Amino acid sequence: MKIKELHIYGYGKFADKKISFSDHGIQVIYGLNEAGKSTLMSFIHSMLFGFPVKQHPDKRFEPKAGGKYGGALIIECENFGTVKVERVKGRAAVGDVTLYFQDGRTGGDKELAEILKGTDRPTYQAIFSFDLFGLQKVYELNREKLGKYLFLTSVFGSDQLYRLEEKLQREQEDLFKPNGRKPLLNRSLNELMEDFAELQHAKEQQRAYNFLIKERDSLEKQLKDCQNEKVMLKTERKKVEKQIAVLPLLERRKECLQLLKDFPDGIQFPEDGFVRLEKLSARRDEVLEQLGRVQEKEKGIEDSLSALKIDGLPADETMFEELKSQFPLIQKQLEEQKLFIVQQQMLEGQIHEELIYIFGHQDENAIKKIDTSVRMKEKIKDAAKKYEQLFQRKKLLDEQYERAQYSLEECERRIKEYESFLLDPSERERLIEEQSAIEQEMAQTADKHYLKEQIAQLKAKINEREKKNREKLKKWKILTVSLLSVFAFAIVLSFVYKNWLFLTAFLPFIIVFFFFRPQDDELLKHLQNEHGQLVKKLDKQNDSRILERTLRLKHIKEILWKDQQVRQKIEIEKMNYKGKEQAYERILSLYDEWEHEKYQLQHLIFPFYEHFHLPKEAEGSQLLEQFERIASCQKLIREKRMLEEKVRLYEENLNQFRKKFEPLCEYYNIRADSIEKRYSELRRIMEENIKKRSQKEALMKQLKEVQEEKTKFRLTFQSIERELEKLFQSAGAASEEEYRKIGMLKKEREKIETELNWIEGQLRTKGLLTSSDMNDYQNERALKERETFLEEKEEELEKMEDSIRKKLAETEIEIRKIELSGLYSELKYSFEMKRSAAKKLAKKWAAMAVAREMLKHTTNYVRNEKMPKLLHKMEYFFRIATSGEYENIYLAEGSPSFSVKRKDGLVFTAEELSQGTAEQLYTAIRFALAESMQKRIHLPLMIDDSFVNFDHLRIKNIVSIMRQLSDHHQMLLFTCHQHILSYFQDEEIIYL
């Protein structure tokens, strides 16, 4: 995953701010204190994992000035491409997140978790985000903690696992210890053993109690037997009561059975006999009524036929139908004939006008000789097209000439405009010199941190040298005092013994001693001089001046870059000007070619001018126009002749129509003056005859249909009579009256059978009896006596039940007294409660033991399997960071922290390392952890000012490691130290 852009709506000090990151793998965000570096780092955390809740140690950075809280990240990931992650304040404390994908889809927390591969805020901050405070934790790491830390960082991302194991161990010890007394389970087991002993003692005193229990059980059994017998008596009594209740139904059942015996046997009556009889009778009456109406209709049609009379012959009607079909065409031809005559006259006028325009006379024979064929038209079109194309080319050449001339002038204008933006040569030279001077000054000016380190080193060497000189001087003074003492003693001996040989013998020692007296230390002077120069150079340095010179250098580079861009544009425009000048010359040459083609085309087109009577000075477009005019005139002549032919044909058709039409008019005495009026009168007469003839045919057809319908109704009536006869025979009746009597007997019998079935159904429902039981009932008196016996027996059982209940109550009271007077029940209850509580505590302790053992196995596996690979990667990064000074990293079992081996073989613990080297060790651990995660996820690494204690060489080494990691992870470095910027390119730096 790679962050491309930040858009802050409102977060901390930022409001409506956009920050774009370069495509480089490393991005440095530089700013002074309170510029907003930590705010940006927190903003990225919040966009990916949500705003911190109130109990979280991280700040929420809500905007003080109000406004919209939140923002958006533009990220690029492997699975989804470019995605916009927007998070704003919402109902949840972490905010509402929305993802916008390239294909227009949107997503939420689920899609964001998929992009982050399930990484949460603690995981990210534990592996991919650290600061100076985190680098100083290296002293706290040992092999066990790193193994657990490696596991939790690869699974959870925080030290939750380590705290979980400690919590499980504490909770286990709070519950139970093998030899403990205070843990809950220990106390519970001891109390349980004491209660069990007391319970056994109390149990021996319960013999009388057990006897009463047995007696209570016996009484309860007797009570139950009594109650069961009482239930049986109640059931039998209810049965007797039901038998008494159904006696009237039984009496009615006997009556129904007797009535059924009185009916004659073998009554045959068809199913739905009355319904079928009524339907057939209704159909018979309906058919008789319809037959009467048909006979009346037949008489009316016969009367209409006798009253209808027709004049004329059918042949006249046939002839008229033929004339009727021809008359619309004849009428149309008469109208068209008049129109054709008018058109013929108009065409003659147009032809004469065209002939005078073309030839100056009205002779039609002159125009007939001119060729207006398709082939000639194609030749003329081709010639006219060439002529038109030639002049179109001329028009196009004129437009190209104007464009080329305008393009040259525009190019000259742009060149002059760009030249006005150029720097003055002297000004450009001055800026180049100033740039060179600033770059030399920046190159010569040493890094402030590096100068401080050199001054500290020189100060240490000076102090060490001065200490050695003081020790030498002290020794020399002691030796001087000793020699002077010996010399004084020699003088005394010389005076005492009057022998100066003592002095003479000691004199060479004194000369040698003073010759080798301590001299001025030249190396110390050199070191002091160099120290003074470095201090002066450090005093001259000013952070604000360096920043000012850096900004000035950037400004000069921008001015020179813009000037260079303008110069490149001028060169490009000059090249364009040459190309356009060549195009302008080519257009002039095309004008000469056009004149030559025009001369050749005139020789081709002049013969057509003569053929079509056009002057030579006419344009080529007029040739096709003259051809079209002559062809149009020839067409008019042809149309005039066609009209003359049509008028002749119409006259012949009219004569043929009159030969058939006139005899009919004479027969029917029609004397109208026009053919239309005569035709109208003839049509009226013929239509009346045709109408009467059609009416006659329709009446004949209706008569036939009515006669067929009458025959049909007669047959239907006969069929109904036969069906009625069959229906009577099925019941054994000779007439309809007899049939109805048999049907009424059948209906009465069915009514009695229905009542009998209902009575038997009621008896079964009330008494749950079978049909065989209905005949076994006793009389009412016997049933009453049985009912009285059952009631007396039930009263006896009631008294017996009361006696048993009284004895049972007395026994219960005795049992209650024993239970209340003794401790057995209380001890039993207390023992069971404590045993249940002890079981719960034991299950809880066992669950914690299993969880702790599984946790231990898991962490051991991670430490033994993944630790060697992690240590190897840590050694590789630490070796690069220290320029090969340290070769190996050790993390032995039981060791309190890391140990490292220097290249000379010496081994140091983390506590023995300098602050800078220890932080470099922790940085290597962080980089190794991030590298171990790259197969699963590629998230940006964020570092907040973690290199302040590194010298310039080791910063350079760390930057080289960052460039290696930037192939898989985007590196975001937040810093307020300007000297770190020199290790990065300008494109990799963002200034806040």
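Here the structure is a predicted model, which is why all the values come from computation and not from measurement.

Participant: What exactly am I supposed to notice about the overall build of the chain here?
Facilitator: Helix and strand counts for the chain come out as 25 helices and 14 strands. Relative to its 992 residues, the chain shows a buried fraction of 35%. Residue pairs at least 24 apart in sequence account for 75% of intrachain contacts in the chain once pairs closer than 6 positions are excluded. Entry remark: accessible area of the chain is about 62,500 Å², with carbon and sulfur atoms responsible for 53%.

Participant: Help me understand the environment of V647 in this model?
Facilitator: Mapped onto the secondary structure, V647 falls in helix 19 (residues 620-667). Assessed through its relative accessible area of 18%, V647 is described here as buried. Distance in space between the C-alpha atoms of V647 and Q337 is 5.7 Å, their sequence separation being 310 residues. Setting aside residues no more than four positions away along its own chain, V647 makes contact with Q337, F340 and I341.

Participant: How should the sheet that holds strand 4 (residues 70-77) be read in this particular structure?
Facilitator: Pairing is antiparallel across the open sheet formed by six strands, whose spatial order is 2-1-4-5-6-7. If you trace the sheet from one side to the other, it starts and ends with strand 2 (14-20) and strand 7 (106-107), each paired once. Of the strand pairs in this sheet, strand 6 (residues 96-100) and strand 7 are connected by two bridges, and their pairing is antiparallel. Bridging from a neighbouring strand, Y100 pairs with T106 of strand 7.

Participant: What exactly am I supposed to notice about unusual backbone geometry here?
Facilitator: Negative phi values dominate among residues other than glycine, just as trans dominates among peptide bonds. Its identity is not glycine, yet E34 carries a phi of approximately 65°, on the positive side. Relative to the helices and strands, E34 is located in the loop between strand 3 (26-30) and helix 1 (37-49). What makes E34 exposed here is its relative accessible area of 74%. Look at F61: it is not a glycine, yet its phi comes out positive at around 55°.

Participant: Is there a simple way to think about a negative patch on the surface in this case?
Facilitator: Taken together, the side chains of E409, E412, E581 and E585 make up a negatively charged region of the molecular surface. Of all the secondary structure elements, the ones that give two or more residues to the negative patch are helix 13 (374-421) and helix 18 (543-611). Counting through the fold element by element, E585 comes out in helix 18.

Participant: Looking at this model, I keep getting lost on the pairing of strand 5 (residues 81-88). Mind explaining?
Facilitator: Within a regular strand, the side chains alternate between the two sheet faces. The pairing of strand 4 with strand 5 spans eight bridges and is antiparallel. Counted as the bridge partner of A72 is E86 from strand 5. Where strand 4 folds back onto strand 5 in an antiparallel hairpin, the turn is made up of three residues. By the bridge criterion, five bridges tie strand 5 to strand 6 in an arrangement that is antiparallel. Bridge pairing in strand 6 links R87 to V97.

Participant: Sorry, what's going on with the pattern of salt bridges here?
Facilitator: Opposite charge on two side chains lets them pair, provided their charged atoms get close. Applying the stated criterion across every chain, the model contains 29 salt bridges. Close ionic contact of D103 with R105 constitutes a salt bridge, the shortest N to O distance being 2.9 Å. By relative accessible area, which is 40% here, R105 ends up partly exposed. Between R648 and E652 there is a salt bridge whose closest N-O contact spans 2.8 Å. Here E652 and R648 lie together in helix 19, a separation of four residues that amounts to about one turn. Taken together, the shared-partner salt bridges connect K230, E798, E801 and R805 into one network.

Participant: Is there a simple way to think about the packing of helix 24 (residues 915-932) against helix 25 (residues 952-965) in this case?
Facilitator: Helices that pack against each other are described as a pair by the angle of their axes relative to one another and the distance between those axes. Relative orientation of the contacting elements helix 24 and helix 25 amounts to 5°, with a least axis distance of 12 Å. Between helix 24 and helix 25, the angle falls in the class roughly parallel. Only R954, I958, I961, M962 and L965 of helix 25 make contact with helix 24, whose side of the interface consists of T917, Q920, T923, F927 and E931. Among the residues forming the contact of helix 24 with helix 25, the class breakdown is five nonpolar, three polar and two charged.

Participant: Looking at this structure, I do not really get the packing of aromatic side chains. What am I missing?
Facilitator: The description of an aromatic ring pair uses the distance of the two centres, along with the angle that the planes make with each other. Tallying each qualifying case throughout the model produces 13 aromatic pairs. Taking the centre distance of 5.9 Å and the plane angle of 10° together, the rings of Y11 and Y69 count as stacked. Pair noted here: Y11 is in strand 1 (residues 2-11) and Y69 is in the loop between helix 1 and strand 4, with a separation of 58 residues, a long-range link. Considering the side-chain rings of Y30 and Y991, the 5.9 Å spacing of their centres and the 80° angle between planes classify their relative orientation as edge-to-face. Placement of the pair is Y30 in strand 3 and Y991 in strand 14 (residues 989-991), with a sequence separation of 961 residues. One aromatic cluster is present, built from ring pairs that chain together Y11, F43, F51, F61 and Y69. Its end group placed over the ring of F101, R105 keeps NZ or CZ at 4.5 Å from the ring centre.

Participant: Looking at this structure, I do not really get the nonpolar core. What am I missing?
Facilitator: Most often, soluble globular proteins keep nonpolar side chains buried together rather than apart. Ranked by size, the top nonpolar core spans 83 residues in total, and within it L6, V83, F128, F927 and M962 carry the most contacts. No other element matches the eight residues that helix 24 contributes to this core. Setting aside chain neighbours within four positions, we find F927 in contact with F130, F877, L941, I943, I958, I961, M962, L965 and M971. Counting 20 residues, the second-largest nonpolar core is a separate cluster that includes V287, V706, F713 and A733.

Participant: Even after reading the chapter, I still don't get the environment of E628, so can you show me in this structure?
Facilitator: Within the fold, E628 resides in helix 19. Judged by relative accessible area, E628 falls into the partly exposed class, the value being 34%. C-alpha of E628 to C-alpha of K377: the two residues are 251 residues apart in sequence and 8.7 Å apart in space.

Participant: Any chance you could explain the pairing of strand 13 (residues 971-975) here in plain terms?
Facilitator: Judged by how many residues are buried, strand 13 sits mostly within the fold: five of five residues are covered. Judged by which residues are buried, strand 13 turns out to be covered on both faces: M971, L973 and T975 on one side and L972 and F974 on the other are all buried. Both strand 3 and strand 13 contribute to a ladder of five bridges, which runs parallel. Looking at strand 13, one finds that Y30 is bridged to T975. One ladder, built from four bridges, connects strand 12 (residues 941-944) with strand 13; its direction is parallel. From the neighbouring strand, D944 faces strand 13, where its bridge partner is F974. With respect to chirality, the unit in which strand 12 leads through helix 25 into the neighbouring parallel strand 13 is right-handed.

Participant: Looking at this structure, I do not really get the UniProt feature "coiled-coil region" (unreviewed entry) in the chain. What am I missing?
Facilitator: Residues given the UniProt feature "coiled-coil region" (unreviewed entry) here are residues 202-243, 373-475, 633-660, 689-723 and 779-814. The distance from the first to the last C-alpha atom of residues 633-660 is 42 Å, and the span holds 100% helix and 0% strand. Along residues 689-723 the backbone is 100% helical and 0% strand, and the end-to-end C-alpha distance reaches 52 Å.

Participant: Teacher, can you tell me more about the confidence of the model for the chain here?
Facilitator: Do not read the fine detail of predicted coordinates wherever pLDDT is low. Per-residue confidence for the chain averages 78 on the pLDDT scale, and 81% of its residues sit at or above 70. Below pLDDT 50 for its whole length, residues 142-159 participates in 61 contacts with residues either more than four positions away or in separate chains.

Participant: Got a minute to help me understand the sheet that holds strand 3 in this structure?
Facilitator: Note: strands within a sheet are paired through backbone hydrogen bonds, in either parallel or antiparallel orientation. The strand order across the open sheet formed by five strands is 8-12-13-3-14, and the pairing between neighbours is parallel. With partners counted over all chains shown, the strands left at the sheet margins are strand 8 (129-131) and strand 14, one partner each. If you compare each strand with its neighbour and ignore which way they point, the axes differ by 15° on average. Relative to strand 12, strand 8 is paired through three bridges, and the arrangement is parallel. Counterpart to S129 in the pairing with strand 12 is M942.

Participant: Would you take a moment to explain helix 10 (residues 273-307) for this structure?
Facilitator: Spacing of three or four residues puts side chains on the same side of an α-helix, whose turn is 3.6 residues. Compared with the 51 Å implied by 1.5 Å per residue over 35 residues, the 52 Å span of helix 10 between its first and last C-alpha is a close match. Within helix 10, burial applies to G273, L277, L280, S281, V287, L291, V294, E298, I301 and L305.

Participant: Explain the packing of helix 10 against helix 20 (residues 675-730) here, please?
Facilitator: As a packed pair, helix 10 and helix 20 sit with axes 8 Å apart at the nearest point and diverge in direction by 160°. Looking at the two axes, helix 10 sits roughly antiparallel to helix 20. Considering only the axes of helix 10 and helix 20, their crossing is left-handed. When the residues that make up the contact of helix 10 with helix 20 are grouped by side-chain class, the tally is 18 nonpolar, seven polar and 12 charged.

So, how was this worked out
Numbers given for residues are sequential positions, taken from 1 along each chain in its written order. Predicted model: local features are reported for residues with pLDDT of at least 70 only, side-chain atom pairs are reported and counted for 80 or more only, and whole-chain, interface and lining totals are derived from all residues. Just so you know, side-chain values use all the structure's heavy atoms and leave hydrogens and water out. Secondary structure is summarised from DSSP: a helix means a run of H or I of at least four residues, a strand means a run of E of at least two, and numbering begins at the N terminus for each. For every residue, the accessible area (1.4 Å probe, protein chains only) is compared with the maximum for its type, and the residue is labelled buried under 20%, exposed over 50%, or partly exposed between those bounds. Any two residues having at least one pair of non-hydrogen atoms within 4.5 Å are treated as being in contact. Here the open area of atoms and residues is found with the Shrake-Rupley method and a 1.4 Å probe, where only the protein chains shown may cover a residue. Paired strands are those between which DSSP finds at least two bridges. Patches were defined on residues exceeding 30% relative accessible area and lacking a salt bridge, with like-charge contacts within 9 Å and nonpolar side-chain contacts (Val, Leu, Ile, Met, Phe, Trp, Tyr) within 5 Å. Note on definitions: salt bridges are taken to be side-chain nitrogens of Lys or Arg within 4 Å of carboxyl oxygens of Asp or Glu. For the charge count, each Lys or Arg is scored as positive and each Asp or Glu as negative, with His and the chain ends excluded. Lys charges are placed at NZ, Arg charges at CZ, Asp charges at CG and Glu charges at CD. A fitted line through C-alpha atoms serves as each axis, taken over the contacting stretch for helices, and the angle formed by two N-to-C directions is quoted from 0 to 180°. Convention used here: angles under 35 degrees read as roughly parallel, angles over 145 as roughly antiparallel, angles from 65 to 115 as roughly perpendicular, and any remaining angle as oblique. Residues are sorted three ways: Asp, Glu, Lys and Arg are charged, Ala, Val, Leu, Ile, Met, Phe, Trp, Tyr, Cys and Pro are nonpolar, and all the rest, Gly among them, are polar. In this analysis, rings of Phe, Tyr and Trp, with Trp reduced to its six-membered ring, are considered paired at centre separations within 6.5 Å, and the interplanar angle assigns stacked below 30 degrees, edge-to-face beyond 60, and tilted for intermediate values. Any Lys NZ or Arg CZ that is within 6 Å of a ring centre and within 35 degrees of that ring's normal is treated as a charge sitting over the ring. Take the buried residues of types Ala, Val, Leu, Ile, Met, Phe, Trp, Tyr and Cys, join any two whose side-chain atoms come within 4.5 Å, and each joined set is a nonpolar core. When the strands point away from the viewer, a crossover counts as right-handed if the path from the first strand over the helix to the second runs clockwise. UniProt positions are given in the numbering used here, feature names are shortened, and annotations may be inferred rather than shown by experiment. Residue-level confidence of the predictor, termed pLDDT, takes values from 0 up to 100. What a helix should span is 1.5 Å times the count of its residues minus one. With the far helix as reference, a near helix turned anticlockwise by less than a right angle produces a left-handed crossing, and one turned clockwise produces a right-handed crossing.

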